[in-house]
Amino acid sequence: MGRLKTIARRSFLIGSAAIVGGVAFGAYLVKRDPENPLSLDAAAGDAVFNPWVKINADGITLIAPHADLGQGAASMQAMLIAEELDVELDQIITSYGRPAATYYNTALAAEAVPFRSNDEGFAAETMRSTMGAVMKVLGAQVTGGSTSVPDSFDKLREAGAVARETLKAAAAAETGLDVSQLKTERAAVVLPDGTRMNYTELAARAAQMDPVTEVNLRDPAQWRLIGKPLQRIDILAKSTGTQTYSIDLKVEGMVHASVRMNPRKGAPMLGFDASAAEGMRGVSQIIGLPYGVAVVADNTWRAFRALEEIEIDWDVAPYPAEQDQHWAEVAASFVPERLDKEWRNDGDVDAALDGAEVFEAEYRAPYVAHQPLEPLSAIVKVSDGRVDIWASHQLPRFVQQRVAAKLDMETDQIHLHNQHAGGSFGHRLEFDNIDVTVDVARELPDTPVKLTFRREEDFAQDYNRQIGMARGRGTHANGQVTTLDLDIATVSASRSQSGRLGAPVPGPDTQIAAGAWNMRYAVPNLRVRAYAVPELAPTSSWRSVGASTAGFFAESFLDELIHAAGADPMSERLRLVNDPDARAVLEAVAEMSNWGSPLGPRKGRGVALVTSFGVPVAEVVEVTDTDDGIKIDRVWLAAEVGRVVDPVNFENVVAGGVIWGLGHAMNSEITYSDGRAEQDNYHLAEGMRLHQCPVIEVRALENNPNIRGIGEPPVPPAAPALANAIFAATGIRLREMPFFKTVSFV
Amino acid sequence: MKLNVDGKSHEVDVEDDMPLLWVLRDELGITGVKYGCGIAQCGACTVHVDGVAVRSCQLAAGDVDGDITTIAGLGSPDALHAVQAAWVEHQVAQCGYCQSGQIMQAASFLDLNTAPTDDQIDEAMSGNLCRCGTYPRIRAAVKTAAAKLQGA
Amino acid sequence: MKQLAALMVVLAPLSAQADGLAAWDRIYAVASHPRCTNCHVGDSGRPAWDGLGYGAARPHGMNIVAGESRIGAETIPCRVCHIGAAGPNAVPHAAPQIDEAWRLPPVELAWRGKSSGDVCGQLRNPDANDGFDLAGLVEHVQQSAFVRYGFNPGAGRVPAPGSVDDLARDLQLWAAAGSPCVGD
């Protein structure tokens, strides 16, 4: 509790005085705090308690700034506020609020700093707080990096507590009672005689008071909501087709549109002939853009169909046209001048390899598309002095800044109405849907334009996961792994992405070797070097980012060395592991999977341990080599997450991460030919289907004091654990994803 | 042409070859029916025609030969169909975008096969893609719904 | 000349049989083509996705099993995706549709993986070919939407060799020759 009190003392009132009928609270580490965005919309009589809580006579609104991409972020954020505010989840509504610097993400900055997340040293802490300040200045309201939970955990509970105590103070002022005599429950202050004063009635009075900022957060033992199995607030809507996504929205006077952009991503259009599309039913406009052609129609399908009739002359790709050239560039990158950073160098690797019998192996990981099931779309209305955008985005502030810059307007003239997303996996960190729809909408002033990507267009325009290779050299002696030397070369998705944002990341890319260099093993001689392949096709963050490739390389190569040494994959990892959290998750999966117990014929188990986003995750996969192909029977997973906020959703998201990791390792890649992605729909990049889904058993460990997010960390160990299991079952070592190039799956 | 959707009759003026999906979404504003792939790969657009599941992206408006039921006609938040109730009970959804189609597929399946085996559930439900990976809960929810429907 | 005429009489059945066998080879080229064998499968009820115009041959994706009903009634009916109305079939990988209820042929018409002799034996035996005599078979080939589709599957799918008319003519030739099979 001491730590929480400290944070509460550091919190203070933010920009509240000027608000009509409103007050505001927050917990900030930098003195000049951003304005309270709710005050901009506040009407007289609204009590705007802080950037996260708004109460007026109509009800209680909790602002959940992290976009809900399906991971349950809205429920989780509401739960944290409601816990301290003493409201039930059925008494509130949630809203994304307007994009605002106030909602900047401190946790993501912590992950961007190149220190191992278990390194609590002074330098690491200093760097993290520096980055926190940088994020604040940038106003980076970000959903990503599995940071929604850690970013929210203290901030939102504190927001709830401050609002609760201020409402009690208002009730005390009204009744003349002492605050200590008052209790709160179900959105009301309860007087000693049982009289209930609803928060909504107290709001106007509370709005005129100085908020109470000295608050204690509740002891976890008293929690009613956190850590308890609750119903997700969106579950009814999502089970009845009544959840509205941005692709479903209808705005008065809206027209439909779609686009074909140069499939050689990033290259311009040279010219087009739309004569066959002109006059097609429902088509109102055909708009040539620098990078493609858009059709405006009265129905999405009519726009799709007209687009197919347009002949377009595309310029050549700004990157190599053929996949072989991409691989060649990656293979040519293991050279000193492309060394991005030597991340780890324990012992003396060069001496250990010199003259020794060296085991070597090379691995490959392809480009992979995101392709959430809701295709990209946006609605944009450009009016005089105001732009409205309805879309789902993980970087709402950047959307505003980008559109403002494009239209030469002020940021506060750009109104983004953020929406629930039909999945993202990193896809909604990019801006194509926003950019194109703005370009079309500015041609139709005062008309809302809803632009929907065809699935094929979404594939063609995706910014894929980084392509990469790794080369390992190692030695073993007396049944033990003694040297592990791993060179990893990938394109830098971080640089590709941040370059497009106009905010290039300085220094080495933390992601190229993420999940490998921080392996929690004490191999006597251990070196991990990251090489940056120059930009090829543009890439972006894909669920678990660098660790999805580097984790595969590291845990596959370690497994090969262990087998070469003649050791057991689990016992040798347990012998090498040098961190209590990592040891605990390994021991957990060993116990859960009954590792070492006899298996039937043609069966095998594989294990992998990867730490990403501060979360060590161990997975054991069990497979059978059937006559119809490899069948993944079971997966056991253990993760150290600090604390589980929402256990029902936790298990779902973790299992989903395993499925994501396994499915794409099995059968998904993007390859280029003639400068275009060859895969244009799910039949060519299928992911896992239900019949291929193993039984998944999940265990959360809560030993570490730092709370962590879980959206991404289950992904990286899945692919190597599967490859290691297939090796155990068949003797076939899979060094290249997707695995279906080498073995078949049921 | 005339379409009967969720118990209501609609007169629509569309091309014969417009997929039913787009008639429902853009002409009638019934958006519980989702566009995912357009080529019968994902199942997000699944509706029923005379009670049997159909991928509405594949069915041309001019070929519709029966009454259409969408997720909105299957049940509502106040009056859940047994399959929807099982989906709520198991808290299946993550992003939720595929779930309308999953539910419509499961409802049609359980109407045809009231006592499915585990293998049959895997066969019936593998045409519906879920990118979030809610498959373990879909399996569980289909079983719960089957038991409930049998008891009914 | 007399001698020659006599010789021709003797040779005629032999020549007809050779023509019949040649016709059968062409018939078998169709019957063993992926456009037919994808669905002419045995009691596994598992259709295949061979000859799609891309990728490796593989079982039908999505874990599709048509079951004893041969129409997927136990799990997921074929018609969920394969609409029973003539379609342009212009989109690669979209579910092909024809003006017929999409289904697997009866299990006794399983041809997948079978030799020329085996399929030949099945086809000339009404007990093993869904009750068709040879004239009925010709009529079926000429009228079936499935057969028409096999020669014109669209969108990059590999078509069966020849045409409906070629196949009907070869069946007639084969029948006229006494429906010979290799190894008779």
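Anything mentioned here points back to the structure above.
Throughout, a residue's number is its position along its own chain's written sequence, starting from 1. Lettering for chains starts from A, numbering for ligands starts from 1, and both go in the order in which the items are written. For this predicted model, a pLDDT threshold of at least 70 governs which residues receive local features, and a threshold of 80 or more governs which side-chain atom pairs are given and counted, while totals over whole chains, interfaces and linings are taken from all residues. Note that water and hydrogens are dropped before the side-chain values are worked out from all heavy atoms of the structure.

## Some points on the pattern of salt bridges
- We count a salt bridge whenever a side-chain nitrogen from Lys or Arg sits within 4 Å of a carboxyl oxygen from Asp or Glu. Inspection of every chain in the model, using the stated rule, returns 69 salt bridges over all chains.
- Across the salt bridge formed by R442(A) and D439(A), the nearest N and O atoms sit 3.8 Å from each other.
- Using a 1.4 Å probe on the protein chains alone, a residue whose accessible area is under 20% of its type maximum counts as buried, one over 50% counts as exposed, and one in between counts as partly exposed. On the basis of relative accessible area, D439(A) is assigned to the buried category, the value being 10%.
- With a shortest N-O distance of 2.9 Å, R575(A) and E572(A) are connected by a salt bridge. With a gap of three residues between them, R575(A) and E572(A) both fall in helix α17 (residues 569–576), about one helical turn apart.
- Its relative accessible area of 39% is what places R575(A) among the partly exposed residues.
- A single network of salt bridges, built from pairs that share partners, joins R281(A), D298(A), R302(A), R305(A), D13(B), E15(B), D17(B) and E27(B). Secondary structure elements are defined from DSSP: runs of H or I of at least 4 residues count as helices, runs of E of at least 2 residues count as strands, and each element is numbered from the N terminus.

## Quick word on the interface of chain B and chain C
- Taken together, the 21 residues of chain B in the interface contact 20 residues of chain C.
- Approximately 1,800 Å² of surface area, both sides summed, lies buried where chain B meets chain C, with 58% of it carried by carbon and sulfur atoms.
- Each of two parts loses accessible area, computed with a 1.4 Å probe, when they are put together; buried area is these two losses added. In terms of surface lost to chain C, no three residues of chain B exceed I39(B), Q58(B) and E123(B), which account for 31% of the buried area on that side.
- Listed by contribution, the elements that provide at least two residues to the side of chain B that touches chain C are β4 (52–55), α4 (99–112) and α5 (118–125) of chain B.
- Each residue gets one label: Ala, Val, Leu, Ile, Met, Phe, Trp, Tyr, Cys and Pro are nonpolar, Asp, Glu, Lys and Arg are charged, and the others, such as Gly, are polar. The residue makeup of the side of chain B that touches chain C, split by class, is 10 nonpolar, seven polar and four charged. The contact rule is simple, with two residues in contact once any of their heavy atoms fall within 4.5 Å.

## Things to note about the state of the cysteines
- Pairs of cysteine sulfur atoms within 2.5 Å are identified as disulfides in what follows. Inspection of every chain in the model, using the stated rule, returns one disulfide over all chains.
- With its sulfur 2.0 Å from that of its partner, C120(C) forms a disulfide with C181(C). Since a negative S-S torsion denotes a left-handed disulfide, the C120(C)-C181(C) link at about -90° is left-handed. On the criterion of sequence distance, the pair formed by C120(C) in helix α3 (residues 116–123) and C181(C) in the segment after α6 (164–176) is long-range, its members being 61 residues apart. The same class applies to C120(C) as to C181(C), namely buried.
- You can see C45(B) has no disulfide; the closest cysteine sulfur is in C57(B), sitting 3.8 Å from it.

## Some words on the interface of chain A and chain B
- Contact residues are listed per partner, giving 63 residues for chain A and 54 residues for chain B.
- At the boundary of chain A with chain B, total buried surface from both sides reaches about 4,800 Å², with 54% on carbon and sulfur atoms.
- Contact with chain B buries area across many residues of chain A, yet W301(A), L373(A) and L690(A) alone supply 17% of it, more than any other trio.
- Taken together, the connections running from chain A to chain B amount to nine salt bridges.
- For the salt bridge of R302(A) with E15(B), the shortest nitrogen-to-oxygen distance reads 2.8 Å.
- Nitrogen and oxygen atoms within 3.5 Å of one another constitute a polar contact, given that in protein one can donate a hydrogen and the other can accept it, and given that sequence-neighbouring residues count only through two side-chain atoms. Taken together, chain A and chain B are joined by 38 residue pairs in polar contact (both at pLDDT 80 or more).
- Sorting the residues of the side of chain A that touches chain B by element identifies α8 (235–238), α9 (300–308), α14 (455–461) and α19 (647–667) of chain A as the ones contributing at least two each.

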